Amino acid sequence: MRAQESRSVGELLTACDRDVCELLTEPDRLSADELVRAWPEMVQAGQELMAATRPPTGRGWADPVRVDEVAERLRLVSDALHAQLLKRGWPDSGVGDPRLVAISDVFVEVHDRVQRGWRQPALGRSDVAADAAAVRARVLHTLYVGTHAALLAVRRDAADVRARPGAATRVRSRRLAALRYADGRLESAERMLAGPVYRVYPAALAGQRVENPRPGRIEAALGRWDLEAHRALARSPHLGTLLEISGVQAAATTMTRTVLAAVDDARRHGATSMTSEIDAGLAAAAAAWQTLHADVRTATDVADRAIAPELAAAGAELIAAFSVVLTIGTEMASAAQIRQATRADVVSALTGSVAAQVDLATAVVDTVVGEPFELSARAARDLARRVDRTAPRGSLSAVVAPVSVAADRRVALPVELRDVLLHRAVHVQRLVGFLSSIPLANESVDAAHGERVALANRVPSPPATPLTVVGRSR
């Protein structure tokens, strides 16, 4: 059962573009098998969506056939790749990359919306044509980046197969031949997409219609996110849930800081005027959430990142609601534009969400302390190496047995690594607790002179705490 989706077509495709770009941030974790399995499905869904946004060819509007030439050629390449690899026995049957599969599902949903909402004569209107061009640009760019990620994974897999010791075997030779064929087809597809992408992206996005922020959207998104985050920690407290919560919290805190700073810049809402201390506190809290997110991301393989659909939908809606205020087309909105799109009740909801972060941070700390996390040995090793780079005293390299890494076994989260995550989570808790103790509503601005009224009994900022990990091997 899918969670309720309230994002627009443009917001769905923007999220797909952002998600596929994240593939390139972890090239060592790209699986050639899974990406090659999912790539033809993504291409097919993208081709059908782009065809749905093109005017019919042939006998005018009476002819239902609509063709996008680039998408059709790409579809032929993907079909040929799929058929040839089935004969070669690689990749065998299995799951596709979940991120490409999710993008394919979004393409299908957007296609259905376009088919329902854009009747054939409507595509002749200039505003609908501009929206259709923006849809095509987003899909082309997503396919381009997804194809490049699959190509990188195939080439890395081929290099690993060649580097394995031992004489060449028939199975190894067949796998290398399949990888070489996939390399050639994917490279052709990437070249095919490169020209159209660079011609239309991102210029085609500038012509799309931009809706005004819906009243109450940010407030509703904040409440929905807080509820689903607490619910997910109670029902499915695993590393994937922590990864989603920390990532969305880092982004939401950063965007909250941007909105509040823009509103305060014009002294329009003196009751919630920001101080340099509050601004610095929000920046520190966002950085702390991001650090926790980066560590949990390192400890979480792609297969372990599945989360409740309600949590994913709530986080995506929160980011989309903020984006309507913070972006204009493909550019960041100015402070004046942000102020114009932000009402007083939005500011009140944002300050309330800042104060409420401490409850969620406390739930995260409790989850790290009490849950018996499991992860792959390779992910545990990667986290140990990451921590060693940020905390040079001692080494965590011995907490994961090399034999477990070689076999890529599932292991319990080592105590030393749990201490690292706990340190990150407690640091977040302290920072957001400090923020919640600052009475944002008690500071006022003299409208006549534009001068701040100083807060009495200001709470001092908490000192930074160095990372110390107990039980380290020397």
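Residues numbered from 1 in each chain as written. Predicted model: local features only at pLDDT ≥ 70, side-chain atom pairs only at ≥ 80, totals over all residues. Heavy atoms only, no water.

Draft legend 1. Geometry of the nonpolar core. Counting 69 residues, the largest nonpolar core has Trp225, Phe322 and Val364 as the members making the most contacts within it. The set of elements that each furnish at least two residues to this core consists of α7 (217-235), α8 (239-265), α9 (276-299), α10 (309-326), α12 (344-370), α13 (377-390) and α15 (415-437). Leave out the neighbours within four places in its chain, and Val364 touches Leu233, Leu242, Ile245, Trp289, Leu292 and Ala425. Counting 53 residues, the second-largest nonpolar core is a separate cluster that includes Val70, Leu74, Leu140 and Leu151. (Core = buried A, V, L, I, M, F, W, Y, C linked by side-chain atoms within 4.5 Å. Buried < 20%, exposed > 50% of the residue type's maximum accessible area, 1.4 Å probe, protein only. Helix = DSSP H or I, 4+ residues; strand = E, 2+ residues; numbered from the N terminus. Contact = heavy atoms within 4.5 Å.)

Draft legend 2. Here's a closer look at the environment of Gln84. Residue placement: Gln84 occurs in helix α3 (residues 69-88). A relative accessible area of 28% places Gln84 in the partly exposed class. Distance in space between the C-alpha atoms of Gln84 and Tyr181 is 8.6 Å, their sequence separation being 97 residues.

Draft legend 3. The arrangement of the side chain of Arg136 in detail. Secondary-structure assignment places Arg136 in helix α5 (residues 126-163). What makes Arg136 buried here is its relative accessible area of 15%. Aside from chain neighbours lying at most four places away, what touches Arg136 is Met50, Arg54, Asp68 and Val70.

Draft legend 4. Summary view of unusual backbone geometry. Of note, the amide linkage connecting Trp90 to Pro91 takes the cis form, showing an omega dihedral of -10°. Mapped onto the elements of the fold, Pro91 is located in the loop between α3 and α4 (98-117). In this structure, the amide linkage connecting Tyr201 to the following residue, Pro202, adopts the cis form with an omega of 0°. Within the secondary structure layout, Pro202 lies in the loop between α6 (170-200) and α7.

Draft legend 5. Region of interest: the packing of aromatic side chains. Summed over all chains, the structure comprises 1 aromatic pair. Note on Tyr144 and Tyr198: the rings are 6.1 Å apart at their centroids and 75° apart in plane angle, and the pair reads as edge-to-face. Placement of the pair is Tyr144 in helix α5 and Tyr198 in helix α6, with a sequence separation of 54 residues. Of the residues examined, Tyr144 reaches a relative accessible area of 16% and is grouped as buried. Residue class for Tyr198 comes out exposed when judged on its relative accessible area of 62%. Sitting over the ring of Tyr181, Arg88 keeps its end group 4.8 Å from the ring centre. (Phe/Tyr/Trp six-rings, centres within 6.5 Å; stacked < 30°, edge-to-face > 60°. Lys NZ or Arg CZ within 6 Å of the ring centre and 35° of its normal.)

The analysis is restricted to geometry; functional conclusions fall outside its scope.
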